[in-house]
Amino acid sequence: MRILVVTVGGSPQPIVTSISQNKPDRIYFLCSRKSEEMVDSICARAKANDIPRSIEIIGDEDDLNVCYADSLRLLGGLRKQFP
């Protein structure tokens, strides 16, 4: 299973390109509440609406320690779920 974990924030084009090129089986979007609204647009542009996806909200996008901890929590959970 190919899992793509991406952060959402700036330009959506690199994410669209990554989805198109890597053709993941599942996508996890790590984003703030502000950037959460971009996910549907990104999936539509990448023609990936049929790919299962999850959105993980970062607790405080302005605190690097929180971003790091939230990222580690997500990746650790994925490693356990998909060894």
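Definitions and cut-offs
Residues numbered from 1 in each chain as written. Predicted model: local features only at pLDDT ≥ 70, side-chain atom pairs only at ≥ 80, totals over all residues. Heavy atoms only, no water. Helix = DSSP H or I, 4+ residues; strand = E, 2+ residues; numbered from the N terminus. Rg over C-alpha atoms; globule rule 2.2 N^0.38 Å. Buried < 20%, exposed > 50% of the residue type's maximum accessible area, 1.4 Å probe, protein only. Salt bridge = Lys/Arg side-chain N within 4 Å of Asp/Glu carboxyl O. pLDDT = per-residue confidence, 0-100. Disulfide = S-S within 2.5 Å.

**Some words on the overall build of the protein chain**
Inference 1: A count of helical and extended segments in the protein chain gives 3 helices and 3 strands.
Inference 2: What you see in the protein chain, going N to C, is helices and strands ordered as β-α-β-α-β-α.
Inference 3: A globule of 83 residues ought to have a C-alpha radius of gyration of about 12 Å, and the protein chain, at 12 Å, matches this closely.
Inference 4: With respect to the principal axes defined by its C-alpha atoms, the protein chain has extents near 35 × 30 × 15 Å.
Inference 5: Looking at the 83 residues of the protein chain, the share that counts as buried comes to 34%.

**Comments concerning the pattern of salt bridges**
Inference 1: Counted according to the given criterion, the structure contains 6 salt bridges.
Inference 2: One salt bridge connects Glu-36 with Arg-33, and the closest N-O pair in it is separated by 3.5 Å.
Inference 3: We classify Glu-36 as partly exposed; its relative accessible area is 29%.
Inference 4: Residue Arg-73 is joined to Asp-70 by a salt bridge in which the shortest nitrogen-to-oxygen separation is 3.9 Å. Within this pair, Arg-73 and its partner Asp-70 are both found in helix α3 (residues 64–81), separated by 3 residues, close to a single helical turn.
Inference 5: You can call Arg-73 partly exposed: its relative accessible area is 45%.

**Considerations on the confidence of the model for the protein chain**
Inference 1: Overall, the prediction assigns the protein chain a mean pLDDT of 93, with 100% of residues at 70 or greater.
Inference 2: At the low end of the mean pLDDT range in the protein chain sits α3, at 93; at the high end sits helix α1 (residues 13–22), at 96.

**Overview of unusual backbone geometry**
Inference 1: Despite not being glycine, Lys-23 has its phi angle at roughly 45°, a positive value.
Inference 2: Structurally, Lys-23 can be placed in the loop between α1 and β2 (26–31).
Inference 3: Backbone geometry at Lys-47 places phi at a positive 55°, although glycine is not the residue there.
Inference 4: On the secondary structure map, Lys-47 appears in the loop between α2 (38–45) and β3 (53–57).

**Some thoughts on the state of the cysteines**
Inference 1: This model, assessed by the stated rule, comprises 0 disulfides.
Inference 2: Free of any disulfide, Cys-43 has its nearest cysteine sulfur in Cys-31, 11 Å distant.
Inference 3: Given a relative accessible area of 0%, Cys-43 falls into the buried group.
Inference 4: The cysteine Cys-67 is free of any disulfide, with Cys-31 supplying the nearest cysteine sulfur at 11 Å.
Inference 5: The buried category is assigned to Cys-67, whose relative accessible area is 16%.

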